[in-house]
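For reference, the chains in residue letters:
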Amino acid sequence: MVEQLEKRIWERIFKWSGSAAGIAVIATVVVAVAATLDRGGYLLVNTVVTGGMLALVAMGLALVFGVMNIPMFAHGEYFMIGSLTAYYVFTPINNYITMHPDSPLTFLGPLITIVAAMIVGALVGVASEVLVFSQLRKRSRENWVMNSFLLTVGLSVVLINAHQLFFGADFKGITRYWAGMPITVMDVFISRDRAMSFALAAIVVVVFWFFMTYTRTGRAIRAVSQDENGALMVGIGLKGILMLTMSLSCSLAAIAGASLLFMYPAYPSVGLEPLYMAWFVVILAGLGNVLGAVMGAFMVALLKVLTIEYIGSGWDFVVPSALIIVVLIFKPSGIFGSEVRGILDK
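We now turn to the structure provided with this report. Because the structure is a prediction, the values reported are computed rather than measured.

Axis separation between helix H8 (residues 216–226) and helix H10 (residues 238–259) bottoms out at 10 Å; the angle between their running directions is 100°. As far as their axial angle goes, H10 and H8 are roughly perpendicular. For the pair H8 and H10, the contacting residues are Thr-217, Ala-220, Ile-221 and Val-224 in the first and Leu-238, Ile-241, Leu-242, Leu-244, Thr-245 and Leu-248 in the second. Of the residues that constitute the contact of H8 with H10, the class distribution is eight nonpolar, two polar and no charged.

The subject of this paragraph is the packing of aromatic side chains. Inspection of the entire model under this criterion finds 15 aromatic pairs. Where Phe-79 meets Tyr-264, the ring centres are 6.0 Å apart and the plane angle is 90°; that geometry is what we call edge-to-face. Taken as a pair, Phe-79 in helix H4 (residues 75–99) and Tyr-264 in the loop between H10 and helix H11 (272–285) lie far apart in primary sequence, 185 residues in all. Seen from their ring centres, Tyr-88 and Phe-167 are 5.7 Å apart, and the 45° between their planes marks the pair as tilted. Remark: Phe-167 occurs in helix H6 (residues 144–167) and Tyr-88 occurs in helix H4; sequence separation between them is 79 residues. Using a relative accessible area of 37% as the deciding quantity, one classes Phe-167 as partly exposed. An aromatic cluster is defined as three or more aromatic residues linked by ring pairs; in this entry it consists of Phe-90, Phe-107, Tyr-177, Trp-178 and Phe-262. Sitting over the ring of Phe-317, Lys-304 keeps its end group 5.1 Å from the ring centre.

Basis of the calculations
Residues numbered from 1 in each chain as written. Predicted model: local features only at pLDDT ≥ 70, side-chain atom pairs only at ≥ 80, totals over all residues. Heavy atoms only, no water. Axes fitted to C-alpha atoms, helices over the stretch in contact; angles between N-to-C directions. Helix = DSSP H or I, 4+ residues; strand = E, 2+ residues; numbered from the N terminus. Parallel < 35°, antiparallel > 145°, perpendicular 65-115°, else oblique. Contact = heavy atoms within 4.5 Å. Nonpolar A, V, L, I, M, F, W, Y, C, P; charged D, E, K, R; others polar. Phe/Tyr/Trp six-rings, centres within 6.5 Å; stacked < 30°, edge-to-face > 60°. Buried < 20%, exposed > 50% of the residue type's maximum accessible area, 1.4 Å probe, protein only. Lys NZ or Arg CZ within 6 Å of the ring centre and 35° of its normal.

This is the structure we're talking about:
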């Protein structure tokens, strides 16, 4: 019995290693190790930190696409809302910390800031669903993808200009969240902010995976993504699930924006780069594949880091774009395939 089980496991491993996903993962690991040996551990460290935050944005993008069939081109603006909220929440906290360096807020202040940004992102997501997408859903289901795409583009323009109108176009950032000596990993000095950002991203990804996999609500979201009519037949409240989905998606982007405020200060178009990179991830992993977006995020992060290191910073969007073109030509469903039905099947 044990031998048969081991045989099946090895058969699955060999089968997976020959698939597009297996080849991509193995190639990513090999390239990461080779680049680390060639240039140093900082490449791997930068990839891990960048990939962790990119995973949050990409997961939210994949979630709203997979469940609601909305190509969200305003997703970067929820990243911007997270960074803007974090700036205004953390500024008074930081002033208090400066006056009281022994206060517990020295450690808890940044966490309070990120949670506040998450809540604001979730509320803005609910408002977006209630005021924008549900209104379109009530009136027309025809040409849904194109109409919702145009709505998200318009929403992006409105949010960017609202930021500029009410908060100005100047950069609003911070130098750091957590004070203290850098952490040393693989002879590479990592700031406490970067280390905590990755730790927070890892925790959020694990909690989100547990929620989607093992909770009743998470299974309901997955059911809606697979068959909306079937979900209605078994008593799942579609309105609440769609609202929750948009709220979760926007809160994930807001968490990323708040966590990276020390790297990406708040300004009207700060969300454009995270948006582009997240779309690279979603297309690479497979449209609507939420968990595949996590692995895809680290692949795209590695590609971005290697491009900057070996070619130059001006090419960091060109090379990923070329890769996406190749993927769309030879593997339209994405390297990891899609766990939900794509738009062409709906």
